[in-house]
Every structure is written in C-alpha cells, then in structure tokens.
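Geometric and topological summary
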Protein chains: 2
Amino acid sequence: MLPELTKGGGGMVYRLGLVGLGQIAQKQHLPAIAANPDFALVAAASLDGSAPGIPVYRDHLAMLAAHPEIEAVVICTPPRARRQVAVDALMEGKHVMLEKPPAATLGEFAHIAAVAAAQNRVLHATWHSQYNPAVDRMRDLLAGQSIAAMRMEWSENFHQFHPGQRWIWDAGGFGVFDMAINGLSILARIFDSVPFVLSADLRVPSDADLPIAAEVRFGLGDGSAPLTASFDWDWIGEPKREVTVTTGAGRVLALTESGRRLTVDGIVLIDGDRGEYRDIYCHFAELLRNGVSVLDATPLQLVADIMLQGKPVAVRPVGA
Amino acid sequence: MLPELTKGGGGMVYRLGLVGLGQIAQKQHLPAIAANPDFALVAAASLDGSAPGIPVYRDHLAMLAAHPEIEAVVICTPPRARRQVAVDALMEGKHVMLEKPPAATLGEFAHIAAVAAAQNRVLHATWHSQYNPAVDRMRDLLAGQSIAAMRMEWSENFHQFHPGQRWIWDAGGFGVFDMAINGLSILARIFDSVPFVLSADLRVPSDADLPIAAEVRFGLGDGSAPLTASFDWDWIGEPKREVTVTTGAGRVLALTESGRRLTVDGIVLIDGDRGEYRDIYCHFAELLRNGVSVLDATPLQLVADIMLQGKPVAVRPVGA
C-alpha cells in the first residue's frame, strides 16, 4: 500500500533539478512542482525543451555543475537515458525521482537501486496510475477474495497522444507498453498476489521494433480463472483505460478512466479527480523527509515477461 | 557462492519422481541420480519417453497419485509446462528441483517460489553451468577487481544438438536463449555485481517466434567498459562456449569449454571434468537435509532484458 499522503508543513523546501523537458514534464511535472510548496525547481536539462523562469542546460552534468544547491533530480527522459542520469545524480549525492518505467531494463533498475542504497539517497520509482484513490479502494475490496475473471483494456491512439515520438518504436522504446505499463502498474497493485503472464500475441508494425498492440493472458493462483488484457495503440475512438474484475462471489468491480472511477455492481464508489502527479510530489516530499526509497519493478517485469512469452505477428507500418 | 559440496552419508535416501523424459533427463538426470546413493528414482512421467526399471506415467498427477512415497520431484519438461507441475508437486508436499530455466517467465518463477515458501518445501532452481570449479575460481579471482573488458561467445549448431525440437522456436520456447542462458548463468556469477543489458541485436528466423542468434552489449559500473556477448545457434564448426575477461590490471582470464577450463594469462589453472549434474544432485541432497531453497532468477532476468531491449532482424528459416 502507498502510505497516506500528508502535507509537509515543516518549512523545508527541496530544491529540484529536472532532466528531460518532453511531453510528460511539460504537462504534469512542471505544474505539479509549481503547485507544491515543498519544492522549488531551480534548473532543468534538455536538448531542445524550455521551462519558464529557470535556466535550461544541455545535459544533466552541466545542470548539476552549475547548481550545487540541487538536492533532488527528477528524471523524465526516455527510458534508455535514465540509468546514466540517475547514477550520475546519485553519485553527486542527489536524491532521485524516476518517471515510469524506471529504467530500460530490470538489470538497469537493479543497478540504479544498488547505487542509491550505497549512496544512502532516496530513490522514488513512480508509477503514476497507482496514485488514484479508486485503485487503493479496489485493492482493499479485492483483499482476501477469490478471483473468477479479469478483463483489462488499455486502448488509445498513438498518433493522437504521442505525435512524432519515434523513439517509442525503436528497440528499447517500449512500443505499446509505454502506455500499457500504466495498466500493468494497476494490475500489480489490486490483487493480493501479482498475476503472472501465461501467453501473449504481439502485433508488431513492419517499421517498428516493438508491438503496437498486445493480447495477454495471465494466471493467478492455479491459473484457471480467465484473466486477459488487451493493449492497443492503434485504437480509433474514445480511449479506453479500464479493468473489470469479477470475484468468486459474483461481484463485479470496474475501474475505469485510467484508475479514476470505481463501480461495484454498477454502483459508483469513487469518481475522483486526476490528482496523480500532485500526489506523487506529496509522496516524494514524505519519502525525502523520512529517508525512504520506493522501488517496485513489478510493472516492468510484467512487460519483460510479455516480451519473453509473446508471439510476434507483423502488421502494417505505424508511420511514426 | 554455492556452498562446498559434501557427501551425505546420513543414510537418508530421498525418493524421487522425475517429470519429462526428454534429452536432458536421459543424458544427464537419469545417470546422475543412478550414481548418487542419496537418491532413489521410483517413477517418472512423460508423454512419450521411457526410463529403465521404473514405471512411467502419462502425467505428473498420475505419478504422484500412484507413488505417495515420492518426496521430491525433478522437473525436466519444456519451460512452459514447469509452473503447473511444480505447483501441483509442492501442493502435494513434495520438494522440487527445476531444470533451467526455472519457469517460462519471471512472474511464474516468483509464483512457484511463493508456493514453495508457503508450503515450507525446498525449491532448487538449478543452473547447471554454474556447477564448475573453474567458474567459482574465476569469481574468486575477479572479486574486487576493476573490469576492463569482457567477451562472451556461446555458439553451437541447433540442428546438431537439438534435432527436431520445434518447441524451442515457438513463443515461450526461448530460441537461442535455451542454450545461451547457460552462458548468462555464468555471467551472473563471476562478477561482483551483475552486468546489465545495454542493447541487443536479435536474428529471428522467418519461421520462428524467437531469435536464433543475438549480439548483446552489457554495462557494469559506469557502463564504459566494453562487455559483449555473441550467442549463435546457427554456428557451423566446433562449438564455442567461452568468456574472456580482462581486468583493469591487464590480466586475461579465459573460461572455456562451457565453464570447465580456466586460464589466466594463458596459464591453465583448472581443467576440470564435467561433473555438473553429479554436483547438482549432491547440492540438492544437502539442501533437502538442511531445508534450504536456492532461487536465483538472474539468468532468466537477463534473457527477459535482452528481449525487452533487442532489435529484431528477420533471417532465413531455421527449418525445425
């Protein structure tokens, strides 16, 4: 369980450096930092992005050299760049927050975690979709229940949400799992034990190294309950980001709108606002105050297992 | 470190059931069990194999039902079948030994391990290439050393060693990693910390779901030393199963013949016999006497990371 989030109030303000000024930094991190009195953003590093009111350096080393007052570094680069930035920051004595996924591989994540432990710094590997009250409530309701079935659908259109982001399709860029890992991060939290991958069908565009869509079958317990997920970045229509679980007792729990809304047998229990990044920064402040790291590799491991088990089939080019 | 292996001598004989009578069972497990006085093989399960002097059942459940005296189950099936057999055996109160890889996915392995812990049974996930004195000696010699370079080559011909084993090429069958994981299991042991995957090129036959060859680049520490591996199941000529490490001090350690032979700067330190499976069963007896499990997912995680990072390129059919 994620801890209860409390406001700091201790008067301590943590000075942040942010690395990577792409879409997720602009849309989520910059506003969330600006809204949180526990943090002050002093500088950023990016090859081509900009941020209002702070200096932007060409790389993280230049940023760290120019701003020794930085206490924590937030890393929003594409996954393959994260290990080097994280390790450099940790070796300079900085705490680190990582956007999801925390690294390009499980081995890199383990390496970053080992460096953080050796340097006695806080490492916060975030999974933003986990920061939803409806997710926690679903977990509470499923605790101790037998599971009869699960159906997850995480479908949206790549070109609508990530126009031009070619790196996603090149080896190491995660393909559809760049977004599907949000659903998987919820899957990793709502059950008493984590479902395991049984098999997967992968649709790989002819101009991509990675799938644009995947159908995955999971097991839980004796593996007999039907647990399936459909991840689709070639989806036309309203995005669907939802998971429905039927318990052995016949109750139907539906978590929709990317973890924001929970219904049980059709009755709305939670219809929350989207406070994910606000809560991430509240949590980070608490971790910094208490000197505690949060390191969950499970969603990344689920992607790795899907790639290990998956049957690839070629489909038409994505054209990114 | 694997413990020093000692002969039992306690007079206790463990009764075994063996599941899967394919090539590895016939060539390695049956002779190793027959040669070890700590074990008695009482039955086996296989769809089409046979074993001299013992009854063979069509599946593991029939075997377990007919032989309640079985205390431990050795699982030599293809990877995708292992979880169900292991969990069924553990739930019947049996200890379990797993051939490598211990499961088809990291999640399945974690599930098996959780069941073993809950049932308080011994689980021995074996990596046979680790059972070589030369591997342990290389690890001792590299302890505390800086690493300047590593080159691993694991090359043999699929058709020579696995004629007709089509399951290897279907999703979940591991492809070249069925054999490359032996090299990776050595990689996971000889360094103070485990190298992480940086990138990989995968050659995938047009009639296969999985690569027949892979070139992998690893990192260690700051990631600057060149650490590379070539895994090739399309190799013509004498098999090569070797890894050469150059230390920062310029010493060259060469582990050849699948972990059997170690030279340092050209001088032979160890030129051992192939006692891998003999030592596995000595180790298993010790684990059973002491009630200790051995669970290392690292080589499997390295394969998952390679698949996560790998750039696939289509090559000619394997024709299996």
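Heads up: these notes are all about the structure in this document. (Residues numbered from 1 in each chain as written. Chains lettered and ligands numbered in written order. Predicted model: local features only at pLDDT ≥ 70, side-chain atom pairs only at ≥ 80, totals over all residues. Heavy atoms only, no water.)

**With respect to the packing of helix H9 (residues 298-309) of chain A against helix H9 (residues 298-309) of chain B**
Between H9 of chain A and H9 of chain B, whose axes approach to 8 Å, the crossing angle comes to 80°. One finds that H9 of chain A runs roughly perpendicular with respect to H9 of chain B. Here Leu300, Val303, Ala304, Met307 and Leu308 of chain A of H9 of chain A come into contact with H9 of chain B, specifically with Leu300, Val303, Ala304, Met307 and Leu308 of chain B. (Axes fitted to C-alpha atoms, helices over the stretch in contact; angles between N-to-C directions. Helix = DSSP H or I, 4+ residues; strand = E, 2+ residues; numbered from the N terminus. Parallel < 35°, antiparallel > 145°, perpendicular 65-115°, else oblique. Contact = heavy atoms within 4.5 Å.)

**Observations regarding helix H5 (residues 133-142) of chain B**
Given 3.6 residues per turn, any residue in an α-helix points the same way as the ones three and four places further on. Of the residues making up H5 of chain B, those classed as buried are Ala134, Val135, Asp136, Met138 and Leu142 of chain B. Directly after H5 of chain B, the chain includes Gly144 of chain B, whose backbone phi takes a positive value near 80°. (Buried < 20%, exposed > 50% of the residue type's maximum accessible area, 1.4 Å probe, protein only.)

**A few points about the interface of chain B and chain A**
Contacts between the two partners involve 31 residues from chain B, matched on the other side by 32 residues from chain A. Buried area between chain B and chain A, summed over both chains or domains, comes out near 2,600 Å², and the portion from carbon and sulfur atoms is 55%. Together, Phe196, Leu308 and Gln309 of chain B form the three largest contributors to the area buried by chain B at its contact with chain A, with a combined 24%. Summed over the shared surface of chain B and chain A, the number is two salt bridges. Asp209 of chain B serves as the salt-bridge partner of Lys311 of chain A, at 3.0 Å between the closest nitrogen and oxygen. (Buried area = accessible area lost by both parts, 1.4 Å probe. Salt bridge = Lys/Arg side-chain N within 4 Å of Asp/Glu carboxyl O.)

**Side note on the side chain of Asn132 of chain A**
Residues and elements named next belong to chain A. Along the chain, Asn132 turns up in the loop between strand S6 (123-125) and helix H5 (133-142). Among the polar contacts made by the side chain of Asn132, one reaches the side chain of Glu276 at a distance of 2.9 Å. Aside from chain neighbours lying at most four places away, what touches Asn132 is Ser258, Gly259, Arg260, Asp273 and Glu276. (Polar contact = N/O pair within 3.5 Å; in protein donor to acceptor, adjacent residues only side chain to side chain.)

**As for the sheet that holds strand S2 (residues 39-45) of chain A**
Residues and elements named next belong to chain A. Spatial strand order, S3-S2-S1-S4-S5-S6: six strands in an open sheet with parallel pairing. With partners counted over all chains shown, the strands left at the sheet margins are strand S3 (56-57) and S6, one partner each. Where strand S1 (residues 14-19) and strand S4 (residues 72-75) come together, four bridges link them in parallel fashion. Bridge pairing links Leu18 to Val74 in S4. In this fold helix H1 (residues 23-34) packs onto S1, S2, S4 and strand S5 (95-98), with an angle of close to 170° to the strand it touches most, S1. (Pairing = 2+ DSSP bridges.)

**What about the relation of the copies chain B and chain A?**
Copy one and copy two of the chain differ by a rotation about a common axis and a shift along it. Aligned on chain A, chain B shows an RMSD of 0.0 Å; the corresponding rotation is 180° and the shift along the axis is 0.0 Å. The superposition operator between the copies reduces to a two-fold rotation axis. If distances are taken from each C-alpha of chain B to the rotation axis, the shortest is found for Ala304 of chain B, at 2.6 Å. Taken as a fraction of all interface residues of chain B, those also at the interface in chain A reach 100%, which identifies the copy contact as same-surface. (Least-squares fit on C-alpha atoms with pLDDT ≥ 70 in both.)

**Details of unusual backbone geometry**
The peptide bond linking Lys100 of chain A to Pro101 of chain A adopts the cis configuration, its omega dihedral lying at -15°. In this structure, Pro101 of chain A sits in the loop between S5 and helix H4 (106-119). A positive phi angle, near 50°, is found at Asp265 of chain B, a position not held by glycine. Structurally, the position occupied by Asp265 of chain B is in the loop between strand S13 (261-264) and strand S14 (267-271).

**Looking at the nonpolar core**
Counting residues in each nonpolar core, the largest one holds 114 residues, and the members touching the most others are Phe177, Phe218 and Phe231 of chain A together with Phe177, Phe218 and Phe231 of chain B. Residues Leu41, Val74, Met97 and Phe284 of chain B belong to the second largest nonpolar core, which totals 26 residues. (Core = buried A, V, L, I, M, F, W, Y, C linked by side-chain atoms within 4.5 Å.)

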